[in-house]
Amino acid sequence: FSHFCRKRTIILIGGMLAGLLLCTTASAQGLEEKVEKFFQTEDIIDLRISTDLHLLSHERKKEKYQPAYCTFKWSDGTTASDTLAIKPRGYNRMEQCVFPPFTVNFKKSKDSVRRSLETLKIVIPCSRGPVSEQLILREFLVYKMYNLLTEKSFRTRLLRIEISDPDGKIKSFTGYAFFLEDE
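Residues numbered from 1 in each chain as written. Predicted model: local features only at pLDDT ≥ 70, side-chain atom pairs only at ≥ 80, totals over all residues. Heavy atoms only, no water.

Engineer: How should I be thinking about the sheet that holds strand β5 (residues 119-123) in this particular structure?
Structural biologist: Within a sheet, adjacent strands bond to each other through the backbone by hydrogen bonds, running parallel or antiparallel. What the seven strands build is a closed barrel, ordered β1-β2-β3-β4-β5-β7-β6; its pairing is mixed. Taken over all neighbouring pairs, the strand axes of this sheet differ in orientation by 40° on average, direction set aside. Two elements, strand β2 (residues 66-73) and strand β3 (residues 79-88), share eight bridges in a ladder whose sense is antiparallel. Residue pairing in the sheet places Tyr69 in a bridge with Thr83 of β3. (Pairing = 2+ DSSP bridges. Helix = DSSP H or I, 4+ residues; strand = E, 2+ residues; numbered from the N terminus. Axes fitted to C-alpha atoms, helices over the stretch in contact; angles between N-to-C directions.)

Engineer: I would appreciate a short explanation of the environment of Asp43 in the present structure.
Structural biologist: Note that Asp43 resides in the loop between α1 (2-40) and β1 (45-50). For Asp43, a relative accessible area of 36% translates into the label partly exposed. Asp43 sits 114 residues away from Arg157 along the chain, and the two C-alpha atoms are 8.2 Å apart. Look past the residues within four positions of Asp43 in its chain and what remains in contact with it is Ser75, Arg157 and Leu158. Polar contacts involving the side chain of Asp43 include one to the side chain of Ser75, which spans 2.7 Å. (Buried < 20%, exposed > 50% of the residue type's maximum accessible area, 1.4 Å probe, protein only. Contact = heavy atoms within 4.5 Å. Polar contact = N/O pair within 3.5 Å; in protein donor to acceptor, adjacent residues only side chain to side chain.)

Engineer: Would you take a moment to explain helix α5 (residues 130-149) for this structure?
Structural biologist: Spacing of three or four residues puts side chains on the same side of an α-helix, whose turn is 3.6 residues. Between its first and last C-alpha, α5 extends 29 Å over 20 residues, near the 28 Å set by a 1.5 Å rise per residue. Inspection of α5 places Ser132, Ile136, Glu139, Phe140 and Lys144 among the buried residues, and these make up the whole buried set. The buried residues of α5 all sit within an arc of 140° when viewed along its axis, so they share a single face. Across α5 from its buried face, at more than 90 degrees, point the exposed residues Pro130, Val131, Arg138, Met145, Leu148 and Leu149. (Expected span 1.5 Å × (residues − 1). Arc of directions from axis to C-beta.)

Engineer: How do you make sense of the pairing of β2 when you look at a structure like this?
Structural biologist: When a strand is regular, its side chains alternate between the sheet's two faces. Only one face of β2 is buried, namely the one carrying Gln66, Ala68, Cys70 and Phe72, since none of Pro67, Tyr69, Thr71 and Lys73 on the opposite face is buried. Note that β1 and β2 share five bridges and pair antiparallel. Across the sheet, the residue bridging to Ile49 is Cys70, located in β2. Between the end of β2 and the start of β3, which pair antiparallel, lie five residues, with Gly77 showing a positive phi angle near 95°.

Engineer: Help me understand unusual backbone geometry, please; the structure alone is not making it clear to me.
Structural biologist: Excluding glycine, most residues fall at negative phi; most peptide bonds, likewise, are trans. For Glu118, which is not glycine, the phi dihedral falls at a positive 60°. Mapped onto the elements of the fold, Glu118 is located in the loop between α4 (112-116) and β5. Residue Glu118 is classed as partly exposed on the basis of its relative accessible area of 46%.

Engineer: Where do I start with the packing of aromatic side chains in this structure?
Structural biologist: Think of a pair of aromatic rings as described by two things: how far the centres are apart, and how the planes are tilted against each other in angle. Inspection of every chain in the model, using the stated rule, returns seven aromatic pairs. With centroids separated by 5.1 Å and ring planes inclined at 90°, the aromatic side chains of Phe38 and Phe39 adopt a geometry described as edge-to-face. For the pair formed by Phe38 and Phe39, the shared burial category is buried. Here the aromatic cluster, defined as three or more aromatic residues joined through ring pairs, consists of Phe38, Phe39, Phe72, Trp74, Phe106 and Phe179. Across from the ring centre of Phe154, 5.9 Å away, lies the NZ or CZ of Lys121, which sits over that ring. We note Arg157 situated over the ring of Phe38; from NZ or CZ to the ring centre the distance is 5.0 Å. (Phe/Tyr/Trp six-rings, centres within 6.5 Å; stacked < 30°, edge-to-face > 60°. Lys NZ or Arg CZ within 6 Å of the ring centre and 35° of its normal.)

Engineer: How should I be thinking about the confidence of the model for the chain in this particular structure?
Structural biologist: Do not read the predicted coordinates in detail wherever pLDDT is low. Per-residue confidence for the chain gives a mean pLDDT of 81; residues scoring 70 or more make up 78%. Taken together, the stretch residues 1-5 has pLDDT below 50 and engages in zero contacts with residues farther than four places along the chain or on a different chain. Within the model, the stretch residues 12-27 combines pLDDT values under 50 with zero contacts to residues more than four positions away or in other chains. (pLDDT = per-residue confidence, 0-100.)

Engineer: Help me understand the pattern of salt bridges, please; the structure alone is not making it clear to me.
Structural biologist: When their charged atoms lie close together, side chains carrying opposite charge are able to pair. Enumeration according to the criterion identifies seven salt bridges in this entry. Glu162 is the salt-bridge partner of Arg48, the closest N and O atoms lying 3.3 Å from each other. Placement of Arg48 in strand β1 and of Glu162 in strand β6 (residues 156-164) is noted, with a sequence separation of 114 residues between them. Taking the relative accessible area as the measure of exposure, Glu162 reaches 23% and is therefore partly exposed. Two residues, Arg114 and Asp82, come together in a salt bridge whose shortest N-O distance is 3.3 Å. In this pair, Arg114 is assigned in helix α4 and Asp82 in strand β3, connecting sequence segments 32 residues apart. The same class applies to Arg114 as to Asp82, namely buried. Via salt bridges that share partners, Glu36, Arg155 and Glu181 belong to a single interconnected network. (Salt bridge = Lys/Arg side-chain N within 4 Å of Asp/Glu carboxyl O.)

What follows is the structure, given as structure tokens:
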């Protein structure tokens, strides 16, 4: 009888582990599909970021993460807010631009889909004005064309972005930018 109970327990535990594995795999596949949809959707995301702009632009060489309060407005009018982490990135633009491009870390996001994005780069214009905005839109289109040519290219998502300093010490930036898939 003892042997029968032990065997039944092992079968029961094995079944539970298999079920857990299937649920985890299905959950991961579901998130991958949502990430895929995130990049396939052509709607522009309105993104507002509030962070210490002095730290972002003057301490840019340290490439340390800093907190940023982000509000996403989707095309259907819904909004979502999250405190994320951002850090400056990119060597050439870091030296040349008013604001450096930066990486957004979604790993501690409250939302599972954003969390599954892990890290994304944000590419912003190098300076203010219509010429810079046209250049960023052209760069975005080059990435989109490259996506048509090969799957081994970085995916993008267009943004209308507002980056502001909570203390108002540095003039905010408003314009087009885009998310760029991280390596």
